[in-house]
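# Structural characterization, general
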Amino acid sequence: MFLVSKIFWLLAQPLSLAFFSVLIGFLLALRGRARIGGIFGSLGLAVLSLTLFTTAGSYFLQILEDRFPRPLPPAELSCIIVLGGAFENVVIAGRGGIELNQAAERFVETVRLARTYPAARILVSGGDGSLSGGYAGDAEASRAFFDAFDIAPDRLVREEDSRTTFENARNTKDLLSANRMEHCALVTSAYHMPRSVGLFRSFGIDVMPWPTDYRTDGKVRLGFDFTQPSLNAQLATTAAKEWTGLLAYYLLGRTQALLPH
């Protein structure tokens, strides 16, 4: 399933979809199927235009980010779950050190919570999600990160095998039970929170959503935007992946709602 989802997304992400649509249209036109080729070509150009020159990506990402507002700080917190996806593991493997990507706030926020609630234990869930499977995952990479911020190793529980959000939830369940950890704050990117909460609930795990790593300002409206095509493409790709994941898990019966709340 993991391999199928990876290959599917390589083909289905917006820019790939636009490219293959135009390519198929061109090949069909060469074979004398100009009409249907024109349809494919037009579809590709439409997807490309929506991806690069509209706010569609940020708008639909914003819907996900607004689903779970950050709660008021509780008086006490005994458990923090942070989902991986923030470390540049390929770069770390080649150069060493600690390298973070755009989702770094997941771990920065976890450090802040760990200092605010010094009794809280931290469960880091994240293995190697690459196709090759040849790199250390985020749970392993986080050792040096937390050590740099003087977070005691005995506060950490590492789940090092998960490659997907579904596996995050499934593998975390047993570790929570074994370590007697419950009623945890769940730290992940705001746009990723609906899918994460839906999956954790499906495994009977009670979590307090603690979103971070926002990509929008909460005021996005649908419209054209010619000022930042590369950023628009990035946001559209992230939004498409997340909505596709929500739909897939719902259709597979892994979550009880298309858009958990």
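This text gives an overview of the structure that appears in the document. (Residues numbered from 1 in each chain as written. Predicted model: local features only at pLDDT ≥ 70, side-chain atom pairs only at ≥ 80, totals over all residues. Heavy atoms only, no water.)

## What about the side chain of His 192?
In this structure, His 192 sits in the loop between strand 4 (184-189) and helix 9 (193-202). Aside from chain neighbours lying at most four places away, what touches His 192 is Leu 83, Arg 106, Thr 165 and Glu 242. (Helix = DSSP H or I, 4+ residues; strand = E, 2+ residues; numbered from the N terminus. Contact = heavy atoms within 4.5 Å.)

## So, the packing of helix 4 (residues 56-65) against helix 10 (residues 229-251)
How two helices pack is summed up by the angle between their axes together with the distance between the axes. Taken N-terminus to C-terminus, the directions of helix 4 and helix 10 make an angle of 45°; their axes are 8 Å apart at the nearest point. One element, helix 4, and the other, helix 10, form an angle in the oblique class. By crossing handedness, the relation of helix 4 to helix 10 is classed as left-handed. Every residue of helix 10 that contacts helix 4 at Gly 57, Ser 58, Phe 60, Leu 61, Ile 63 and Leu 64 is listed here: Leu 235, Ala 236, Thr 238, Ala 239, Glu 242, Trp 243 and Leu 246. (Axes fitted to C-alpha atoms, helices over the stretch in contact; angles between N-to-C directions. Parallel < 35°, antiparallel > 145°, perpendicular 65-115°, else oblique. Left-handed = near helix turned anticlockwise from the far one by under 90°.)

## As for the layout of surface pockets
Of the voids in this model, the second largest pocket is the one considered here, and its volume is about 290 Å³. Only helix 2 (14-30), helix 3 (34-53), helix 4 and helix 10 provide two or more residues apiece to the lining of the second largest pocket. The greatest single-element share of the lining of the second largest pocket, amounting to four residues, is contributed by helix 10. (1 Å grid on protein atoms, 1.4 Å probe; cavity = no way out; pocket = protein on both sides within 12 Å on 5 of 7 lines; lining within 4 Å. Points joined across faces, edges and corners; volume = space filled by probe spheres on them.)

## A closer look at the packing of helix 6 (residues 105-116) against helix 7 (residues 138-148)
Interhelical geometry of helix 6 versus helix 7 gives an angle of 50° and a closest axis separation of 12 Å. One way to sum up the angle between helix 6 and helix 7 is to call them oblique. Handedness of the crossing formed by helix 6 with helix 7: right-handed. Two secondary-structure elements touch here, helix 6 through Phe 107, Val 108, Thr 110 and Val 111 and helix 7 through Asp 138, Ser 142, Phe 145 and Phe 146. For the contact of helix 6 with helix 7, the residue count by class is five nonpolar, two polar and one charged. (Nonpolar A, V, L, I, M, F, W, Y, C, P; charged D, E, K, R; others polar.)

## What to know about helix 3
At 3.6 residues per turn, the α-helix brings residues three or four places apart onto the same side. Here helix 3 is 20 residues long and its end C-alpha atoms lie 27 Å apart, about the 28 Å a rise of 1.5 Å per residue gives. Those residues of helix 3 lying buried are Gly 37, Gly 41, Gly 44, Val 47, Thr 51 and Leu 52. Viewed end-on, helix 3 has its buried residues packed into an arc of 125°, placing them on one side of the element. Within helix 3, the exposed residues directed more than 90 degrees away from the buried face are Arg 35 and Ile 39. Close packing links the buried residues of helix 3 with helix 2 and helix 10. (Expected span 1.5 Å × (residues − 1). Buried < 20%, exposed > 50% of the residue type's maximum accessible area, 1.4 Å probe, protein only. Arc of directions from axis to C-beta.)

The values are spatial; any link to function lies outside them.
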